[in-house]
Protein chains: 2
Amino acid sequence: MARRSSRRGTIQEVARLAGVSPATVSRVVNNSPRCSPETRKRVLDAVAQIGYVPDHVARSLKTGNVGEIALAVPDIGNPVYVAMAKAVQEVAARRGWWLSLASTEGSQTEELRALRALAGRRIDGLIITSLTVSAAFLRELEPVQGRVVVIGRVPDETPVDNVRVESETGARLAVEHLIDLGCQRIGFINGMKGTVPSTSRISGYKLALGSRGLEYSSNLVVNSDFTIMGGYEAIDRLLEQCPDLDGVFAANDAMAIGVLRKLRERSMRVPDDVAVIGMDDIDLCRIATPTLSTVTLLAAERGRIAGELLLDRVEGRERGEWQRVTVLPRLLVRESTSLLRKEQRGTARQGPGAGRPHS
Amino acid sequence: MARRSSRRGTIQEVARLAGVSPATVSRVVNNSPRCSPETRKRVLDAVAQIGYVPDHVARSLKTGNVGEIALAVPDIGNPVYVAMAKAVQEVAARRGWWLSLASTEGSQTEELRALRALAGRRIDGLIITSLTVSAAFLRELEPVQGRVVVIGRVPDETPVDNVRVESETGARLAVEHLIDLGCQRIGFINGMKGTVPSTSRISGYKLALGSRGLEYSSNLVVNSDFTIMGGYEAIDRLLEQCPDLDGVFAANDAMAIGVLRKLRERSMRVPDDVAVIGMDDIDLCRIATPTLSTVTLLAAERGRIAGELLLDRVEGRERGEWQRVTVLPRLLVRESTSLLRKEQRGTARQGPGAGRPHS
DNA sequence: GCTCGGGGTGCCGGTGTAAGA
DNA sequence: TTCTTACACCGGCACCCCGAG
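Counting starts from 1 at the beginning of each chain's written sequence and moves along it residue by residue. Labels follow written order: the first chain is A, the first ligand is 1, and so on. Under the rules for a predicted model, residues below a pLDDT of 70 receive no local features and side-chain atom pairs below 80 are neither given nor counted, while totals for whole chains, interfaces and linings still include all residues.

As annotated in an unreviewed UniProt entry, chain A carries the name LacI family transcriptional regulator and is attributed to Limnochorda pilosa.

Asks: Describe the overall build of chain A, naming the residues involved and giving the relevant values.
Replies: Secondary structure follows DSSP: runs of H or I at least 4 residues long count as helices, runs of E at least 2 residues long count as strands, and numbering of each begins at the N terminus. Of the regular secondary structure elements, chain A holds 13 helices and 13 strands. With C-alpha atoms as the basis for the radius of gyration, the globule rule is written as 2.2 Å multiplied by the number of residues raised to the power 0.38. For 359 residues, the compact-globule estimate of 2.2 N^0.38 gives 21 Å, and chain A exceeds it by more than 25% at 26 Å. For the C-alpha atoms alone, the extent of chain A along its principal axes is close to 85 × 45 × 40 Å. Comment: burial labels come from other C-beta atoms within 10 Å of the residue's own C-beta, placed from the backbone, where a count of 20 or more is buried, 12 or fewer is exposed, and between is partly exposed. Out of the 359 residues belonging to chain A, those deemed buried represent 50%. Restricting to contacts in chain A with at least 6 residues of sequence separation, those with at least 24 account for 71%. Here, residue contact means that the backbone-derived C-beta atoms of the two residues sit within 7 Å.

Asks: I'd like to hear about the protein's contact with DNA strand D, residue by residue, with values.
Replies: With respect to spatial proximity, 28 residues lie near DNA strand D, and among them Ile11 and Ala58 of chain A together with Ser21, Cys35 and Thr39 of chain B are the closest. Among the elements that take part in the surface near DNA strand D, helix α4 (residues 56–63) of chain A stands out by supplying five residues, more than any other. By convention here, the C-beta atom is placed from the backbone, and a residue is near a molecule or strand when that atom is within 6 Å of it.

Asks: Residue-level account of the environment of Val333 of chain B, with values.
Replies: Residue and element names in this part refer to chain B. Note that Val333 resides in strand β12 (residues 330–333). A count of 21 C-beta atoms within 10 Å places Val333 in the buried class. Along the backbone, Val333 and Lys62 are 271 residues apart, and their C-alpha atoms lie at a distance of 54 Å.

Asks: Requested: an account of the interface of chain B and chain A, with residues and values cited.
Replies: Contact with chain B, which involves 53 residues of that partner, is made by 54 residues of chain A. Residue assignment for the side of chain B that touches chain A shows that the elements contributing at least two residues are α4 (56–63), α5 (79–94), β2 (98–103), α6 (108–119) and α11 (253–265) of chain B. Among the elements that line the side of chain B that touches chain A, the one with the most residues is α4 of chain B, at six residues. The residue makeup of the side of chain B that touches chain A, split by class, is 23 nonpolar, 19 polar and eleven charged. Under the scheme applied here, ten amino acids are nonpolar (Ala, Val, Leu, Ile, Met, Phe, Trp, Tyr, Cys and Pro), four are charged (Asp, Glu, Lys and Arg), and all others, including Gly, are polar.

Asks: Break down the relation of the copies chain B and chain A for me, with residues and values.
Replies: Copies overlap after least-squares fitting; the atoms used are the C-alpha atoms of residues with pLDDT of at least 70 in both. Overlaying chain B on chain A yields an RMSD of 0.3 Å, the required transformation being a rotation through 180 degrees with an accompanying axial translation of 0.2 Å. These values place the two chain copies in the arrangement generated by a two-fold rotation axis.

Asks: How would you summarise the sheet that holds strand β9 (residues 275–277) of chain B if you had to cite specific residues and measurements?
Replies: In sheet architecture, strand pairing relies on hydrogen bonds along the backbone and comes in two forms, parallel and antiparallel. All names here are of chain B. Two strands are said to pair when DSSP picks up at least two bridges between them. Strand order in this open sheet of four strands is β7-β6-β8-β9, and the pairing throughout is parallel. Edge positions in the sheet fall to β7 (221–223) and β9, since each of these pairs with one other strand and no more. For this sheet the average axis-to-axis angle between neighbouring strands, irrespective of direction, equals 15 degrees. Across three bridges, the pairing between strand β6 (residues 186–190) and β7 is parallel. Its bridge partner lying in β7, Phe188 is registered against Val221. A fitted line through C-alpha atoms represents every axis, and for helices the fit uses only the stretch in contact; the resulting angles, taken between N-to-C directions, go from 0 to 180 degrees.

Asks: So what's going on with helix α9 (residues 196–211) of chain B? Which residues, and what values?
Replies: Residues and elements named next belong to chain B. The first and last C-alpha atoms of α9 sit 23 Å apart over 16 residues, in line with the 22 Å expected at 1.5 Å per residue. Structurally, α9 contributes buried residues whose contacts are with α8 (167–180), β6 and β8 (247–250). Residue Gly213 follows α9 closely and has a positive phi angle near 75 degrees. In this scheme, a helix's expected span is set at 1.5 Å multiplied by one less than its residue total.

Asks: Account for unusual backbone geometry, with residues named and values stated.
Replies: The omega torsion across Thr289 of chain A and Pro290 of chain A is -10 degrees, close enough to zero to call that bond cis. Note that Pro290 of chain A resides in the loop between β9 (275–277) and β10 (294–296). Of note, the amide linkage connecting Val270 of chain B to Pro271 of chain B takes the cis form, showing an omega dihedral of 5 degrees. Position of Pro271 of chain B among the secondary structure elements: in the loop between α11 and β9. Positive phi is not limited to glycine here, since Arg121 of chain A has a value of about 65 degrees. By secondary structure assignment, the location of Arg121 of chain A is in the loop between α6 (108–119) and β3 (125–129). You can call Arg121 of chain A buried: it has 25 C-beta atoms within 10 Å. We note that Asn31 of chain B has phi near 55 degrees; this positive angle belongs to a residue other than glycine. Mapped onto the elements of the fold, Asn31 of chain B is located in the loop between α2 (22–29) and α3 (37–50).

Asks: Pulling in residues and values, what's your account of the UniProt feature "domain: HTH lacI-type" (unreviewed entry) in chain A?
Replies: UniProt positions are given in the numbering used here, feature names are shortened, and annotations may be inferred rather than shown by experiment. What UniProt calls "domain: HTH lacI-type" (unreviewed entry) maps, in this numbering, to residues 10–63 of chain A. As annotated, residues 10–63 of chain A comprises 70% helix and 0% strand, and the C-alpha atoms at either end are separated by 18 Å.

Asks: Provide a residue-level description of the protein's contact with DNA strand C, including the pertinent values.
Replies: By nearness alone, 28 residues border DNA strand C, and Ala23, Thr24 and Thr39 of chain A together with Ile11 and Ser26 of chain B come closest of all. When contributions to the surface near DNA strand C are tallied by element, the ones reaching two or more residues are α2 (22–29) and α4 of chain A together with α2 and α4 of chain B. Per element, the largest residue contribution to the surface near DNA strand C is five residues, and it comes from α4 of chain B. Looking at side-chain class alone, the surface near DNA strand C contains 13 nonpolar, eight polar and seven charged residues.

Asks: Describe the sheet that holds strand β6 (residues 186–190) of chain A, naming the residues involved and giving the relevant values.
Replies: Residue and element names in this part refer to chain A. Spatial strand order, β7-β6-β8-β9: four strands in an open sheet with parallel pairing. The open sheet has two edge strands with one neighbour each: β7 (221–223) and β9. Taking each pair of neighbouring strands and ignoring which way they run, the sheet shows an average axis angle of 15 degrees. Inspection of the sheet shows β6 paired to strand β8 (residues 247–250) by four bridges, in the parallel sense. When the bridges of β8 are listed, Ile186 appears paired with Gly247.

Asks: So what's going on with the packing of α2 of chain A against helix α3 (residues 37–50) of chain A? Which residues, and what values?
Replies: All names here are of chain A. Where α2 meets α3, the axes come as close as 10 Å, and the angle between the chain directions of the two elements is 90 degrees. By the angle between their directions, the pair α2 and α3 is classed as roughly perpendicular. Between α2, through Thr24, Val25 and Val28, and α3, the contact on the second element is made entirely by Thr39, Arg40, Val43 and Leu44. Partitioning the contact of α2 with α3 into residue classes produces four nonpolar, two polar and one charged. In this scheme, roughly parallel covers angles under 35 degrees and roughly antiparallel covers those over 145, while 65 to 115 is roughly perpendicular and the rest are oblique.

Asks: An account of the domain arrangement of chain A is requested, with residue identities and associated values reported.
Replies: Domain ranges listed in this record stem from an automatic or a database domain assignment. Taken domain by domain, chain A consists of domain 1 (11–54), domain 2 (68–165 + 299–329) and domain 3 (167–297 + 332–338). Placing the centre of domain 1 of chain A and that of domain 3 of chain A at their C-alpha centroids yields a distance of 63 Å.

Asks: Tell me what's going on with the pairing of strand β5 (residues 161–165) of chain B, and back it up with residues and numbers.
Replies: On a regular strand, one side chain projects to one face of the sheet and the next to the other, so that they alternate. Residues and elements named next belong to chain B. Most of β5 is tucked away: four of the five residues are buried. Across three bridges, strand β4 (residues 148–151) lies against β5 in parallel orientation. Its bridge partner being in β5, Val150 is matched across the sheet by Asn162. In the sheet, β5 pairs with strand β11 (residues 324–327) via four bridges, with the strands oriented parallel. By the bridge assignment for β11, Asn162 is matched with Arg324.

Asks: A description of the packing of α5 of chain B against helix α12 (residues 299–314) of chain B should follow, citing residues and the corresponding values.
Replies: Residue and element names in this part refer to chain B. Contact pair α5 / α12: the axes reach a minimum separation of 7 Å and the direction vectors enclose 35 degrees. Seen from above, α5 lies across α12 with right-handed handedness. Residue-level contacts link Val80, Ala83, Met84, Ala85, Lys86, Ala87, Val88, Val91 and Ala92 of α5 to Ala299, Ala300, Arg302, Gly303, Arg304, Ala306, Gly307, Glu308 and Leu311 of α12. The residue inventory of the contact of α5 with α12, partitioned by class, reads twelve nonpolar, two polar and four charged. Handedness of a crossing is defined here by the sense of rotation of the near helix relative to the far one, left-handed for an anticlockwise turn of less than a right angle and right-handed for a clockwise turn.

Structural data, given as structure tokens:
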């Protein structure tokens, strides 16, 4: 096992070489004020000569923290989580923490592994976003209180800080937007049944129909997974169940991009024949043809907030009640649901735009 | 600082509760054979009652390794590195290691930070892919020998295991393919000057021109960054310098996708007016319109190899000479360089294909 | 008595080894 | 033998102590 391979010197060796005590070396290395300039220089010379680097493990054992937090996401290939990760990374770096990323691939086992890393003090804190909040998951949160932030809704009494987004409202905004455009038969391509995100989306979809007086029909809904290929194949099934669709709401942008691709293959025009809207606001929305309308769920913002909350706890700044922070989705209208669709069709459009914030 | 927050019990407390010594608890927890069934049960009961989880830091201090490796990539938002990360992750999990991901954002500082994490024994091993191999970088490799694998070419004498891809050959394959299609004026959109990937690509580009008897002209080359937006803006500059382009080679797929997007806006047909080829083989190639021809650099394969090499070293299985593994790029022909372009124009094409392996 | 620079040492929480029942 | 214990030790850090000014 061990091997402690090419370690170059301990604090004792440096101390011996510099002719001081280990305590002094420690003070110099940690920029403690209590040392004279000349001693400092002698020590630093010895450090340089030996190539001494403090052993992080030993330091952690003594100080009680390892200086590292982790972010666990279901799929690091999903641009939404990349945006989230970059935001957390920014916070961590600014506050002097090392961030490590873990991709759970949606597996419970991996999520629990991350929580156990926390319990075993491999890391000091954890931000985790889970697609399905299970009982086992909630149970494992108990012993690591104050060192976890969950992104995604958890039951109210759960003893963690929690960052939420009203994705139900987001779904409602998207669908109401389609309806207000004149769409009457709006298909919904949802993610896998039973996951937290898919539950709130279907709920928002129904709310929107209700608020505008449209009927819900299960013919208008299909499930698939949250990827481009998922949307690509799901739209076929949807069109089979309901050939005269005039609008599609996809549960995320990746799926919506797949839908655009397939509709183009089937020579259906967007938004003329079918208006399409996604959710998340990934970069690809502005590259797609036509550019994709969407509802942003503010992944980066949630990441930033989660990072701050976690570090406030872990650094001991915050000891109060469990925080519940909710961010509000915003509609971004682009070409795929453009109101000007009749006039602009067939002519070159303007380049990828930032999307027009709306409402 | 410290805080050792909600830690639940140490090995001593468990030992006291079970009426045994700490050493016995340690043996039980680690499934050491030397212990009687009844003692084992008593200990396990005590463990469960207290909710004891071994302190990973303390264990690491004694055993000399932390059970964690890291993968540092320039940009976790790049699908190439995602593919690489997933491959490494698979290897790490299979061999019982924890993998953490770090995104350096191309910053030297962050790369050196990762190397210092290694030197300070925060992690046991590191796989790192760097865009620019600097002297400072090479210098920092010295003290952590045998615990680093570099993906991307380093000087021959560098004391690390090294996984390479002949990206120069890859670039040559791409450009020769365009020439063999009949292209005469092939623009090249390269990444930032001075990076390792861009250097080998321009070299391959020139080799291809030479091998087919075409002239090199600096008018045909522009630089930008390795993103969709990079390609999107670079093609404008390229067309300004050379309005009658008939082929474009982009240094990676992301840029090529940006090119496709811009060409569509400018109503230029692909491949009819301009053939386009990228490099990397990211998933988007099969979703783009038209589907994007490319040269795969086998990112996942390189990740897998790097993972195995690193763990062989870190586990002490391998102590021999520094390994140099080279993988060979392969051309994948899709619609954006389709030979059938004249015939198929204007009709619906077949769906996203896997690409036809070639040569 | 107080400040300042520096030294001695117990300790963090496990693990491995040699000795003991 | 077979199981268990005592104890040194991993490598820093932080507290407390000391002497000199």
